[in-house]
Amino acid sequence: MSYGHLSTDCHHYHDIVVDYGAGPRPEIVVLCGSTRFHETFRAENLRLTLAGAIVLSIGCDTTADGDLTTAGQLGQDPDALKARLDALHLRKIDLADRVHVLDLDGYLGDSTRREIEYATKLGKPITYLSEVPA
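Since we're looking at a predicted model, the values are computed, not measured. (Residues numbered from 1 in each chain as written. Predicted model: local features only at pLDDT ≥ 70, side-chain atom pairs only at ≥ 80, totals over all residues. Heavy atoms only, no water.)

Observations regarding the nonpolar core
Within the largest apolar cluster, eleven residues are counted, these being Ile28, Val30, Cys32, Leu56, Ile93, Ala96, Val99, Val101, Leu108, Ile116 and Ala119. Looking at this core, the elements that each hand over two or more residues are strand 1 (28–32), strand 3 (98–101) and helix 5 (110–122). Counting residues per element, this core draws most heavily on strand 1, which supplies three residues. Once residues lying within four places of it in the same chain are set aside, the contact partners of Val101 are Cys32, Leu108, Thr112, Ile116, Ile126, Thr127, Tyr128 and Leu129. Core analysis: the next-biggest nonpolar cluster, separate from the first, contains eight residues, Val29, Phe41, Ala53 and Leu102 among them. (Core = buried A, V, L, I, M, F, W, Y, C linked by side-chain atoms within 4.5 Å. Buried < 20%, exposed > 50% of the residue type's maximum accessible area, 1.4 Å probe, protein only. Helix = DSSP H or I, 4+ residues; strand = E, 2+ residues; numbered from the N terminus. Contact = heavy atoms within 4.5 Å.)

Written as structure tokens, this is what we have:
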């Protein structure tokens, strides 16, 4: 599968796409949306994984006290955490073939809007949960 990317960045990514002779590389999909919809992230991750995709998702729920407590115990500054995780999610978009937006109840927060804008600038295909047949 081929996708548009900056030729100046090409050498950074070719080592991660290796043909091991196991058939075509699965589509890489990154999930974007508000972390308040943690259960929706889990459900879409499962649905897409079972459909054969490699799914990139959130690794920390910044709305969950448990995740923030664990981050603090690991020496992370909870106040700086959100900005760092937002930047990390942009790198996941860089790796993805497609962005899947979890627009539950039509909600798109500021971070999700920035991610959609970033993906659009990269020419990444974008799909929305609201478009998935029930």
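Back to the write-up after that little detour.
Describing the pairing of strand 3
Because side chains alternate across strand 3, one face comprises the buried residues Arg98 and His100, and the other comprises Val99 and Val101, equally buried. Note: strand 1 against strand 3, four bridges, orientation parallel. Across the sheet, the residue bridging to Cys32 is Val101, located in strand 3. When strand 3 meets strand 4 (residues 126–128), the two strands line up parallel, connected through three bridges. Its bridge partner lying in strand 4, Val99 is registered against Ile126. Crossover strand 3 to strand 4 through helix 5 is right-handed. (Pairing = 2+ DSSP bridges. Right-handed = clockwise from strand over helix to strand, strands pointing away.)

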